[in-house]
Amino acid sequence: MIKLEDFVKIKDYKFKHINNNAVIYIDDINNVEPESIKQLLNVSKLPGLVGDAIAMPDIHWGYGFPIGCVACTNYDEDGVISPGGIGFDINCGVRLLRTNLEYNEIQKYKEKILDELFKEVPAGLSSESDIRLSKSEFKKSIIKGIKWALEEGYADKNDLNFIEDNGYKRESSFDYISEEAIERGKNQLGTLGSGNHFLELQIVDEIYDEEAAKRLNLFKDQVVLMIHCGSRGFGHQIATDFINLMLKVMENKYKIKVEDKQLACVPANSEEGKKYIYSMNLAANFAFINRQIITYKVRKVFKKLLNTKEVEIVYDISHNMATIEEYSYNSKKYKLVMHRKGATRALPPFHPSLPNEYKEIGQPVLIPGDMGRYSFVLVGTETAYKETFGHTCHGAGRIKSRNQAKKTINYNELIKELESKGISIRAASKATILEEAPQAYKDALNVVDIVHNANISKKVAKLRPIGVVKG
DNA sequence: ATGTGC
């Protein structure tokens, strides 16, 4: 049984378990579902954990690990890596594009822009790309990562500076990838997918931090675009393959016992651990290219309809990923396996991995909200570096299950409601729209306010959707 | 999230 009173408030918006290495950033501990707390406590018992298993205010139930969670293990002392701590959609992430246009300059072209975006960017379950590659071309492209996109003309040279890890994971390989993964991924580059993934036309609605907004080249009433998607069937198959592999060797070969089979894991420095890391990084490359090709399509549409050449990347972040990093924790140096699942990196100002343009403000944090309300831009802080291994939340989090949403929400009413707010929809499936209705989600503003008040990231801008392309 | 399953 989960006892909520076992979590004590150690400062505003932060609760720590009295016996376990688990903390939750939340306004009120009663606002967390017991199932996801149980999952967090399971994670806190993983071999080699360093510090606490950390939950963000958008925590909700997931596969093994809760979504909205950070867990770090000690690579040098057989700390584990677990695919469930990354998620099936490896390198699911968000990219924000800015234009030099104001809302009033595009208002009359809005529907046309959405038509073209919907035509150019394949969306929906099992949607396929117009880019056809042979198996060997596909392999070459994913190994090269975003550098392939640059060579092929899908990226501008400057783009790479504004993507986390420059859009390229060097430690990647096809050696441990199944034919199935290749088959599933081969024709999916530059596709949106389904579920909560989207391409939105948005307007900068409110600026909270003028200085940081200026550095990010964001201004009120500006037209921006947000891309939320990941590694499609490719990453999904890689996750599936490695969960199966780890289930086979975890107990027999490595004598690891976990609280839940879905926490299947192996030591990160083991044979299987290293194979997973190389494969996960490959899926990460896929997702970076995926968001890059969608960017290319957006640029094409804006050039064609508005003759706008300025569509620049503000930033591109991953919220489902693990990285192996040297990190100081409690004045001790570690090589950490940092699992982040539904959590966003939020590095402080002057961190060496930030682009020069953003050095003084910290790492941009992109938080997708729901299609009817808003999304957010924040920046990382020193407090995050000290308390959360440099992380913050990733989104709103569900309150209604997909089925509940489909049963209780009326499609026509929803579309009318969105229209009345000035939001137009292009979607491959009606069911997805119902599943992703604003009513199915928590208010992202509450989530963002908690991380802001806990100082693990700072609000910079609020973005409001005016057009949504979905699967 | 996902060729929406073991």
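Keep in mind the model is a prediction, meaning the values are calculated, not measured.

Looking at the overall build of chain A
Helix and strand counts for chain A stand at 14 helices and 19 strands. Its C-alpha atoms give chain A principal-axis dimensions of about 60 × 50 × 50 Å. In chain A, once contacts between residues fewer than 6 apart in sequence are set aside, the share between residues at least 24 apart is 77%. Carbon and sulfur atoms make up 46% of the accessible area of chain A, which totals about 18,100 Å². One way to put it: in chain A the 66 positive side-chain charges average out to a point 2 Å from where the 63 negative ones average out.

Points about the pattern of salt bridges
Evaluation of the coordinates by the stated rule reveals 36 salt bridges. Across the pair E325 and R340 runs a salt bridge, and its minimum N-O distance is 3.7 Å. Separated by 15 residues along the polypeptide, E325 in strand 12 (residues 320–329) and R340 in strand 13 (residues 332–341) bring together distant segments of the chain. Among the residues examined, R340 registers a relative accessible area of 3% and is labelled buried. Shared partners join several salt bridges into a network, and the residues in it are K112, E116, K119 and K304.

Looking at the environment of L263
One can find L263 in the loop between helix 8 (232–249) and strand 10 (266–267). By relative accessible area, which is 0% here, L263 ends up buried. In sequence terms L263 and I81 are 182 residues apart; their C-alpha atoms lie 9.4 Å from each other. Residues contacting L263, with those up to four places away along its chain left out, are N42, V43, L46, G64, F65, S82 and V258.

What to know about the packing of helix 4 (residues 135–144) against helix 6 (residues 179–186)
The N-to-C vectors of helix 4 and helix 6 enclose an angle of 90°; their axes lie 11 Å apart at closest approach. The pairing of helix 4 with helix 6 is recorded here as roughly perpendicular in orientation. Note on element contacts: helix 6 touches helix 4 through E179, I182, E183, G185 and K186, opposite K135, F138 and K139. Its residues assigned to classes, the contact of helix 4 with helix 6 comprises two nonpolar, one polar and five charged.

Points about the nonpolar core
Judged by nonpolar contacts, the single largest core of 91 residues is most densely connected at I81, L199 and F234. Top element by residues in this core is helix 9 (residues 271–306). It accounts for 14 residues. Contact partners of F234, with chain neighbours within four places excluded, come to F138, I142, F174, I177, A181, I182, G185, Q188, L282, A283 and F286. Ranked by size, the runner-up nonpolar core spans 43 residues in total, among them M371, F376, A396 and V468.

Remarks on a nonpolar patch on the surface
Judged by side-chain polarity, V8, I10 and I18 come together as a nonpolar surface patch covering roughly 250 Å² of accessible area. Secondary-structure assignment places I18 in the loop between strand 2 (14–17) and strand 3 (22–25).

Observations regarding a negative patch on the surface
Together, D76, E77, D78 and E326 make up a negatively charged patch on the protein surface. Within the secondary structure, E77 sits in the loop between strand 5 (67–74) and strand 6 (80–81). Assessed through its relative accessible area of 58%, E77 is described here as exposed.

What about the pairing of strand 19 (residues 458–470)?
Burial analysis of strand 19 places eleven of its 13 residues in the buried class, which makes it a mostly covered element. Here nine bridges tie strand 8 (residues 198–207) to strand 19, and the two strands are oriented antiparallel to one another. Each bridged residue has a counterpart across the sheet, and for E206 the counterpart in strand 19 is K462. When strand 16 (residues 375–379) meets strand 19, the two strands line up antiparallel, connected through five bridges. Paired with F376 across the strands is K462, a residue of strand 19. Bridge count for strand 18 (residues 424–427) against strand 19 is four bridges, and the pairing is parallel. Residue pairing in the sheet places R426 in a bridge with V469 of strand 19.

Points about the protein's contact with DNA strand B
The environment of DNA strand B is made up of 16 residues, and the closest members are L125, R184, S194, G195 and N196. Of all DNA strand B atoms lying within 4 Å of any protein atom, the proportion belonging to sugar or phosphate reaches 50%. Between E180 and DNA strand B, the recorded distance is 3.2 Å, taken from a side-chain N or O atom to a base oxygen. At 3.2 Å, a side-chain N or O of Q188 approaches a phosphate oxygen of DNA strand B. Taken together, the elements giving at least two residues each to the surface near DNA strand B come down to helix 6 and helix 8. It is helix 8 that provides the largest number of residues to the surface near DNA strand B, a total of four residues. In terms of residue class, the surface near DNA strand B is made up of two nonpolar, nine polar and five charged.

The rules behind these values
- Residues numbered from 1 in each chain as written.
- Chains lettered and ligands numbered in written order.
- Predicted model: local features only at pLDDT ≥ 70, side-chain atom pairs only at ≥ 80, totals over all residues.
- Heavy atoms only, no water.
- Helix = DSSP H or I, 4+ residues; strand = E, 2+ residues; numbered from the N terminus.
- Contact = heavy atoms within 4.5 Å.
- Areas by Shrake-Rupley, 256 points an atom, 1.4 Å probe, with all protein chains shown as cover.
- Lys, Arg positive; Asp, Glu negative; His and termini not counted.
- Charge placed at Lys NZ, Arg CZ, Asp CG, Glu CD.
- Salt bridge = Lys/Arg side-chain N within 4 Å of Asp/Glu carboxyl O.
- Buried < 20%, exposed > 50% of the residue type's maximum accessible area, 1.4 Å probe, protein only.
- Axes fitted to C-alpha atoms, helices over the stretch in contact; angles between N-to-C directions.
- Parallel < 35°, antiparallel > 145°, perpendicular 65-115°, else oblique.
- Nonpolar A, V, L, I, M, F, W, Y, C, P; charged D, E, K, R; others polar.
- Core = buried A, V, L, I, M, F, W, Y, C linked by side-chain atoms within 4.5 Å.
- Patch = residues over 30% accessible without salt bridge, like charges linked within 9 Å, V, L, I, M, F, W, Y side chains within 5 Å.
- Pairing = 2+ DSSP bridges.
- Near = heavy atom within 4 Å.
- Polar contact = N/O pair within 3.5 Å; in protein donor to acceptor, adjacent residues only side chain to side chain.

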